[in-house]
Amino acid sequence: MLTFFPWPGERQGHRGSGQATTIAFSVPEASVRFWIDHLRARGVHIDRITKRFDEEVLSFSDPDGLHLELVGDCRGAGYAARVHGPLPPEHAICGLHSVTLTESRWEATSELLTETLSFRLVAEEENRIRFETGVRGPGTRVDVLRAPGKPAGRVAVGTVHHVAWRTLTDEAQRAWRQRILANGLDSTPVIDRTYFRSIYFREPGGVLFEIATDPPGFGVDEQPEQLGEHLMLPKWLEPKREWLEKTLPQLVPAGFGRAA
């Protein structure tokens, strides 16, 4: 899941240490050429095309400067292309691949990932370390870029605010919170987000992490086949619905990443 904050008129952020600096999505390995042509045909500048851990990677930015990647790798449990999307299913994005953290204190971050959060180190290449958790598949990887002396980033437009990890139950979330506190980190209380419950804490390098529950899910207040068709509000904002419907910006597909 990828969430955006609407910040019209806000200043531009910049990527630096203590930030999640790149979001990567998986595409079929044989579809990389399709995506190169697809992006260029829509005026998207591809920053570079590289090989990383034997995977082909396309790097580019969205209109606000958010750094994105498409990685030719749909192997692993849980990957599934969107059949009814705007692109041919054989070329569609099949899941989140990874998120990259840029860290000047990468040793402490690596220790947290492996010793506290149960990630495992699976690969190293130049200044990049890759960790995985659970069964290989969407959203199980995090890359740590070793960046000694790099200035801290500033969260604003075009940057990542936080990274969320999912857990299956409320009981598991409470256990994670106790484990985090026991390791000397601060954590928020459990916060009800209607569709899930969350805790937040900063890892030693400064990136804001969230651990969110799977339940109750996005089907709690509308049918799954209608997701995204209506403005859904939490109960405490329902009294302001009329005002919000007039005030919120209209969301209109701009053609970015859509088929011709």
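This write-up is about the structure you can find in this document. These figures come from a predicted structure and were not determined experimentally.

## A look at the pairing of strand E7 (residues 128-132)
In regular strands, side chains alternate between the two faces of the sheet.
Link 1 in the chain: By the criterion of burial, E7 is predominantly enclosed, with five of the five residues buried.
Link 2 in the chain: Of the two faces of E7, the one holding Arg-128, Arg-130 and Glu-132 and the one holding Ile-129 and Phe-131 are both buried throughout.
Link 3 in the chain: As defined by bridge partners, strand E6 (residues 120-125) adjoins E7 across five bridges and the pair is classed as antiparallel. Bridge assignment links Glu-125 to a residue of E7, and that residue is Arg-128.
Link 4 in the chain: Hairpin remark: E6 followed by E7, antiparallel, with two residues in the connecting loop; positive phi at Glu-126, about 55°.
Link 5 in the chain: For E7 and strand E8 (residues 141-146), the ladder comprises five bridges, and the chain directions are antiparallel.

## So, the sheet that holds strand E9 (residues 163-167)
Link 1 in the chain: Pairing within the open sheet is mixed, and its four strands lie in the order E9-E12-E11-E10. Edge positions in the open sheet fall to E9 and strand E10 (191-192), since each of these has one partner strand only.
Link 2 in the chain: Judged from the two bridges that link them, E10 and strand E11 (residues 197-202) form a sheet pairing that is antiparallel. Each residue of the ladder has a partner; that of Ile-191, found in E11, is Ser-198.
Link 3 in the chain: Sheet contacts for helix H3 (residues 170-182): E9, E11 and strand E12 (208-213); angle to E11, the most-contacted strand, approximately 15°.

## Some points on helix H1 (residues 32-41)
Link 1 in the chain: Turning to H1, its buried residues number three or more, namely Val-32, Trp-35, Ile-36, His-38 and Leu-39.
Link 2 in the chain: Residues of H1 that are buried make contact with strand E1 (19-27), strand E2 (46-52), strand E3 (55-61) and strand E4 (67-72).
Link 3 in the chain: Positive phi appears at Gly-43, one or two residues downstream of H1, with a value of about 75°.

## Considering the nonpolar core
Link 1 in the chain: In this structure, Leu-70, Leu-113, Val-142, Val-163, Phe-201 and Phe-209 are the most contacted members of the largest nonpolar core, which totals 37 residues.
Link 2 in the chain: Apart from residues no more than four positions distant in its own chain, Leu-113 is found in contact with Ser-118, Phe-119, Phe-131, Val-142, Val-144 and Phe-209.

Conventions adopted
- Residues numbered from 1 in each chain as written.
- Predicted model: local features only at pLDDT ≥ 70, side-chain atom pairs only at ≥ 80, totals over all residues.
- Heavy atoms only, no water.
- Buried < 20%, exposed > 50% of the residue type's maximum accessible area, 1.4 Å probe, protein only.
- Helix = DSSP H or I, 4+ residues; strand = E, 2+ residues; numbered from the N terminus.
- Pairing = 2+ DSSP bridges.
- Contact = heavy atoms within 4.5 Å.
- Axes fitted to C-alpha atoms, helices over the stretch in contact; angles between N-to-C directions.
- Core = buried A, V, L, I, M, F, W, Y, C linked by side-chain atoms within 4.5 Å.

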